[in-house]
Amino acid sequence: MIGLVLSMIRARPGQAVTAFVMAMFALAAAVSAPVYITTADRAVVASEVDAAPVNELVVQARRETNAGDRAFEDLAPKVFVFPGFSTVFSAETNTYVVSPVAGVDPIAPRFVYRDDTCAHLRIVEGRCFISASEIILSKPTLDQLKISVGTVLDVNWSVFDSEGQEWVPAGAHPTAMSVVGAYEPIDATEQYWADFGYFDDRPSARRVTAPIFAGRLSLESVDRLTERQALDVVIDHDAITGDSLAAVNGAVESGRSQLQGLSGSPTVKADLPHLLRRIERDRSLVAQVVPVAAVPLVLLCWFVLFVAVAAATAERRLELGLMALRGVTFPRRWWLAAGESIVPILFGAAAGFVAGNYLVRLAAWLLLGASGDVPLSEGASAWALIALVGALCAALLAQRAELAKKTIDLLRNVPSRLSRWGAPVFEVAVVVLAVVAVLQLREGDNGLTGFATFGPSMVVIAVGLLAARGVLPLAERSGRRALRRGRIGPTLAAYAMARRPGSQRILAMFVVAIALACFAATAATASDDNRDLRIRVEQGADRVLTVEPVSRTELLTKVRALDPAGDFAMAAAMLPRSEDSGVPPMLGVDSSRLAKVALWNDARFTAAEAAAALRPDVPRESIVLDNKDVTLDITVDKLADAFRVRFVLAVVPLDGSAAGAVDFGAPQLGRHTYIRNLPMCVNKCRLAALRIDQPEDRGFDATVTLHSMAQHGQTVTDFSQADEWRVPETPGPKLLVPQVSLADGGLRLEVANYKGADVAYRLLPADAPSPIPAVMARAAGMGDHMATFDGSQIAVQVAGEVAQVPRLGPRGGIVDLEYAERLSTERVDTITPQVWLNANAPADILGRMQDQGLKVMTDRRIGPLRDALDEQGPAVALRFHELAAGLAVILAGGALWLVTALDRQRRRGELRALRAQGVARRDASANGYLALVGTAAVIGPFAALASWLLVREHLPVFTDDPGSFPVPIWPSPLPVAVAWAVAVLILAGLALLAGARLRAATRQR
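Residue numbering note: each chain is counted from 1, following its sequence as written. Per-residue local features are limited, in this predicted model, to residues with pLDDT of at least 70; the limit for side-chain atom pairs, both in listing and counting, is 80 or more; totals at the level of whole chains, interfaces and linings are taken over all residues. As a convention, hydrogens and water are excluded, and side-chain values are obtained from all of the structure's heavy atoms.

In this section: the overall build of the chain. The secondary structure listing takes helices from DSSP runs of H or I that are at least 4 residues long and strands from runs of E that are at least 2 residues long, numbered from the N terminus. A count of helical and extended segments in the chain gives 25 helices and 34 strands. Throughout, a contact is declared for two residues whenever any of their heavy atoms are within 4.5 Å. When contacts within the chain are restricted to residue pairs at least 6 apart in sequence, long-range pairs at least 24 apart make up 81% of them.

As structure tokens, then:
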């Protein structure tokens, strides 16, 4: 029997090769899922480790001890012994160094010993230290001390004097040290340096920006009482893999507990668990998302094999009938029918198992940022076995209908009509399973797990089957109508669609393939759009530079000097969080540049409209004063309960220095002139407020009329316009503010009957709108007050709402930075001062900022941040959907080619008979396959849409899942249209080619 089966295969090599190729593709597609999961797993682990901050890859143990105590130094490095772990011990003390050059200020550097220091420094002059009396300094420190390599310095121990806020020498005697080299760090951000911040350019009481490095004996020779010791356990990137996560975590936790038990009770910090949690989340999402595409791909593989084997068996009906007529028993007939398909399937499965692995390797090389070779047996065996068993079952099931027929039906060699009950029962079962999967997905809390994983694929298959069931009767009616009109070609094509049993299966297969292509494009595009939106919102601009803390005025002034035209740079800073938990976070921006610089994400309320709303016109510009005498002409009509009250002028220096308040003396009844100079206003000041202060803001009654303010003999303001001035907001019932009115040629301020309430007797220039306008995220919510920069409460008015606020997303708002500054009367360091840049920023922007005195701390660009999101687990997993969609279209095209090849052999005689009757070759060769592709092209997108609407809410896009960026229902249409067009064109091209080959068959003799 085996020989006979092999003879049958040799007699029909085309069918055997086709079955082999189809089985190979089917198994390759099935194996691709587990191999891709393993490959993607390695990729996401590598990308997360590469993107991890230093603190997550370094275990840090710290303690301060007496000089000479080496217990920690001897025992700590022995705690962490694990492949890929390296320990770095360091000890340091504070020193005081006086330059031998007269007139040079002393410095108080850190004196540091660190294991293997010289390997991580670049020696720019001299050499590295060797002996106990040698030290190396940074090149800027050498220049600062005005010394050169070879100089001998006296190094003394130092302590910090909290009263004088400076470092002072504290050792009994200094130690002479020879400077043998000048260094610079090779990479100050590498793991080796941990979190010590040795190279901090910010000004400090040490008056130096880099430490002294020396050997352990050099540190011992410094006369000191204490030193700080540390152990940094540096975890190599290669040590963390998907297989080693648990072992690495166990080693870190064990080492941490042992370190905490050492003498001196060192503090231990290990942020590695944060990284491991992100990695586990990434891996679980990959394992969750990939099967959503893998399941329909495997089902399609089985279906394709079923269609191919069913078509091949149908072509051998006469042969099977002759065997039955000659008395061949049913088992032998079954083996002869099945063997011709099963043998190529088995060989194709073996080849597909290997091909699938290398296919995924190629896809990983093209689609993933990092991966590696995956062994053939890893993760794929179970899927391959399931796919092979399913393929064999599909092949056997495809032959059952022909083998079960009576001999007379087989000998007639007329295609059977569809089963009266078998096909409908199968379709009902698929629909029921789809409903069950949808209900589990909708009602359950576990997302795309369990049977819910089959939900999207079952929906697509159910839509395809039901569409085929509904379309084919329409095709038959269309054929009858065409026949009545005498249109032979359309009649034959329509009847071929409606009456041949394989047409319904092929249509369903086409619908599934096109739907998978559309679904993959939809999911990938929607996720890409979502990642784009998130990174645009959270970043705020193409490039964001965080600078050292400066005043708000200084930040605004320097950024405007950096970009006078406002074409590429904008200042931004966070406002303090309000004590009211109901007030969302607020961001101050230089709104005059908002439209050009910020990445705006709301078309209904544009950036230009937001800028106009944030910066309305104000009654007056700010009053600017210098340090010369200021004259106030004031009439005091009434004072009651006013003890120790004073006239005070509050000013804010424009150079960013501390705000000041100048005491103009005690008020006197009647009209008087008060004169004082403003010593803090050398570089000019902005008038913030005119106040009458009483200790502890206790209440009093007073009526005061302001006539004029003058400087340099010129009137600064005559107080003749009431709308140019305002009084503080009154957020509480215990605070009274004066009533303002015009009287006696000036501005009258009056408080009467305070009755024990506190009084804020202040007059403020109306150089900023009150309430201050804010543009809020719709979901943020906002009361009527917020905190300004100095912590005081100011009124706020919502001037517009958007879906997402730059940087703050759906949970915040923005105000104009300059107006918020004008509403503040105290100098407080700006919270996270930033300079936002657009794509037009010049290449030398960092140098220009340094020239303006802005020290850049961090530089975040939108490109690398977006790339990092693309390497997270959900993004990596979704790329398999695109791979699966391509394989699905290839499988459907291969099945079409096989079926048309068999159909051509069977229909050759029919076509010649039709040609003999005078039917045109074009009409005779009409086969309906192009119509099937066209029908599937219409139905497929709707099947994909139904599946997408089902799974959209459960499709993860981000590992950290902020919940602020739901997946959009309608992604960008162009990528989806391209995927649909490519799939349709491939199938339509094969259908046209099949029609051409069928027409060619009519010419053969």
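With that out of the way, let us pick up helix 16 (residues 552-562). Judged by how many residues are buried, helix 16 sits mostly within the fold: eight of 11 residues are covered. Here the term buried applies to any residue with accessible area under 20% of the maximum for its type, exposed to any over 50%, and partly exposed to those in between, with areas from a 1.4 Å probe on protein chains only. Within the span of helix 16, buried status applies to Arg 552, Thr 553, Glu 554, Leu 555, Leu 556, Lys 558, Val 559 and Leu 562. Elements in contact with the buried residues of helix 16: strand 12 (543-547), strand 13 (569-574), strand 17 (646-653), helix 19 (817-822), strand 33 (831-837) and helix 20 (845-851).

Let's shift gears to a nonpolar patch on the surface. Note on patches: the residues involved have over 30% relative accessible area and no salt bridge, like charges join within 9 Å, and the nonpolar side chains Val, Leu, Ile, Met, Phe, Trp and Tyr join within 5 Å. Under the convention used here, a 1.4 Å probe and the Shrake-Rupley method define accessible areas, while residue burial counts only the protein chains that appear. Here, a salt bridge means any side-chain nitrogen of Lys or Arg that lies within 4 Å of a carboxyl oxygen of Asp or Glu. Together, Leu 974, Val 978, Val 982 and Ile 986 give the surface a local cluster of nonpolar side chains, amounting to about 360 Å² of exposed area. Within the secondary structure, Ile 986 sits in helix 25 (residues 973-1001).

The next point concerns the packing of aromatic side chains. Pairs were defined over the aromatic rings of Phe, Tyr and Trp, the Trp ring being its six-membered one, requiring ring centres within 6.5 Å. Orientation was assigned from the angle between planes: stacked under 30 degrees, edge-to-face over 60, tilted for the rest. Within this structure, the stated rule accounts for 19 aromatic pairs. With a centroid separation of 5.2 Å and 90° between ring planes, the pair formed by Trp 193 and Phe 199 is classed as edge-to-face. Accessibility expressed as a relative area gives 3% for Trp 193, which makes it buried. A network of ring pairs unites the aromatic residues Tyr 183, Tyr 192, Trp 193, Phe 196, Tyr 198, Phe 199 and Phe 213 as a single cluster.

Once that is clear, we can look at the side chain of Gln 60. Its place among the elements puts Gln 60 in strand 1 (residues 58-66). The contact partners of Gln 60, leaving out residues within four places of it in the chain, are Asn 55, Ala 194, Asp 195, Leu 231, Asp 232, Thr 267, Val 268 and Lys 269.

What we call a disulfide is simply a covalent bond connecting the sulfur atoms of a pair of cysteines. Disulfide: a pair of cysteine sulfur atoms within 2.5 Å of each other. Summed over the entire model, instances satisfying the criterion amount to two disulfides. Paired by a disulfide, Cys 681 and Cys 685 hold their sulfur atoms 2.0 Å apart. A torsion of -105° about the S-S bond marks the disulfide between Cys 681 and Cys 685 as left-handed. According to the relative accessible area criterion, Cys 681 is buried, its value standing at 0%. The disulfide pattern of the chain is 1-2, 3-4 when the bonded cysteines are numbered in sequence order.

Before going further, it helps to spend a moment on empty space enclosed by the protein. Only protein atoms enter the calculation, which uses a 1 Å grid: trapped sets of points that fit a 1.4 Å probe without letting it out are cavities, open sets showing protein on both sides within 12 Å along at least five of seven lines are pockets, and any residue with an atom within 4 Å of a point is a lining residue. Grid points are joined across faces, edges and corners, and a volume is the space filled by probe spheres set on the points. Applying the stated criterion across every chain yields a total of six cavities of 30 Å³ or more. Roughly 90 Å³ of internal volume is contained in the second largest cavity. Around the second largest cavity, the lining is made up of 13 residues, and of these Val 292, Ala 293, Pro 296, Leu 516 and Phe 519 lie nearest the centre. Among the secondary structure elements, those contributing two or more residues to the lining of the second largest cavity are helix 7 (272-315), helix 13 (455-484), helix 15 (501-539) and helix 22 (873-916). Considering only residue class, the lining of the second largest cavity consists of 10 nonpolar, three polar and no charged. Put simply, Ala, Val, Leu, Ile, Met, Phe, Trp, Tyr, Cys and Pro go in the nonpolar bin, Asp, Glu, Lys and Arg in the charged bin, and everything else, Gly too, in the polar bin.

Of all seven residues in strand 33, five are buried, a share of seventy percent or more. With four bridges connecting them, strand 12 and strand 33 associate as antiparallel partners. Among the inter-strand pairings, Thr 546 is bridged to a residue of strand 33, identified as Gln 834. Here the rule is simple: two strands pair whenever DSSP picks up at least two bridges between them.

Attention now goes to the pattern of salt bridges. A complete count under the given rule lists 52 salt bridges for this structure. We note a salt bridge from Glu 253 to Arg 256, for which the minimum N-O separation is 2.7 Å. Taken together, the positions of Glu 253 and Arg 256, both in helix 6 (residues 245-260) and three residues apart, correspond to about one turn of that helix. Using a relative accessible area of 32% as the deciding quantity, one classes Glu 253 as partly exposed. In this structure, Asp 693 engages Arg 691 in a salt bridge whose closest nitrogen and oxygen atoms are separated by 2.9 Å. Through salt bridges with shared partners, a single ionic network connects Arg 560, Asp 563, Asp 590, Arg 593, Arg 615, Glu 621, Asp 816, Glu 818 and Arg 822.

The next thing to look at is unusual backbone geometry. Most peptide bonds are trans, and most residues other than glycine sit at a negative phi. A cis amide bond, omega 5°, links Ser 770 with the succeeding residue Pro 771. Its identity as a non-glycine residue notwithstanding, Lys 684 has a phi of 75°, on the positive side. Inspection of the secondary structure assignment puts Lys 684 in the loop between strand 19 (670-677) and strand 20 (685-693). With a phi angle near 55°, Phe 719 is a residue other than glycine that sits in the positive phi range. Checked against the element boundaries, Phe 719 lands in the loop between strand 22 (714-717) and strand 23 (725-726).

So, about helix 18 (residues 607-614). Those residues of helix 18 that fall on the buried side of the exposure criterion are Ala 607, Ala 610, Ala 611, Ala 613 and Leu 614. In a view along the axis of helix 18, the buried residues occupy a sector of 165°, so they form one face of it. The inward-facing, buried residues of helix 18 abut strand 14 (586-589), helix 17 (594-597), strand 29 (772-777), strand 31 (793-802), strand 32 (813-816) and helix 19. By arc we mean the arc of the directions from the helix axis to the C-beta atoms, nothing more.

Let us now look at the environment of Ala 803. Structurally, Ala 803 can be placed in the loop between strand 31 and strand 32. What makes Ala 803 partly exposed here is its relative accessible area of 33%. Along the backbone, Ala 803 and Arg 604 are 199 residues apart, and their C-alpha atoms lie at a distance of 9.4 Å. Ignoring sequence-local partners within four residues, the contact set of Ala 803 consists of Asp 602, Ala 777, Arg 778, Gly 809 and Pro 810.

Below, the discussion takes up the confidence of the model for the chain. If pLDDT is low for a region, its predicted coordinates should not be looked at in detail. As a per-residue quantity, pLDDT reports the predictor's confidence and falls between 0 and 100. When pLDDT is averaged along the chain, the result is 82; 84% of the residues meet or exceed 70. Here residues 418-422 is a poorly scored stretch, pLDDT under 50, and it has three contacts once near neighbours within four places are set aside; other chains count.

For the purpose of charge, His is not counted, nor are the chain termini; Lys and Arg are scored as positive and Asp and Glu as negative. A charged residue contributes its charge at one atom only: NZ of Lys, CZ of Arg, CG of Asp or CD of Glu. Positive charge collects at one region of the surface, where Arg 477, Arg 481, Arg 484 and Arg 485 lie side by side. Its location among the elements puts Arg 477 in helix 13.

This part takes up the side chain of Gln 834. Tracing the sequence through the fold places Gln 834 in strand 33. The class for Gln 834 is buried, based on a relative accessible area of 8%. Contacts described as polar in this section are N or O atom pairs within 3.5 Å, which, within protein, must combine one atom able to donate a hydrogen with one able to accept it, while residues neighboring in sequence count only if both atoms come from side chains. Within polar-contact distance, the side chain of Gln 834 engages the side chain of Thr 546 at 3.3 Å. Residues within four places of Gln 834 in sequence aside, it is in contact with Val 544, Leu 545, Thr 546, Leu 555, Met 570, Ala 571, Ala 572 and Arg 807.

This part covers the nonpolar core. For our purposes a nonpolar core is just a set of buried Ala, Val, Leu, Ile, Met, Phe, Trp, Tyr and Cys residues, chained together by side-chain atoms within 4.5 Å. Core analysis: the biggest nonpolar cluster contains 105 residues, and Tyr 36, Ile 506, Met 509, Phe 510, Ile 514, Phe 880 and Trp 948 have the highest contact counts within it. For this core, the leading source of residues is helix 15, giving 19 residues. Ranked by size, the runner-up nonpolar core spans 51 residues in total, among them Val 104, Leu 145, Leu 231 and Ala 251.

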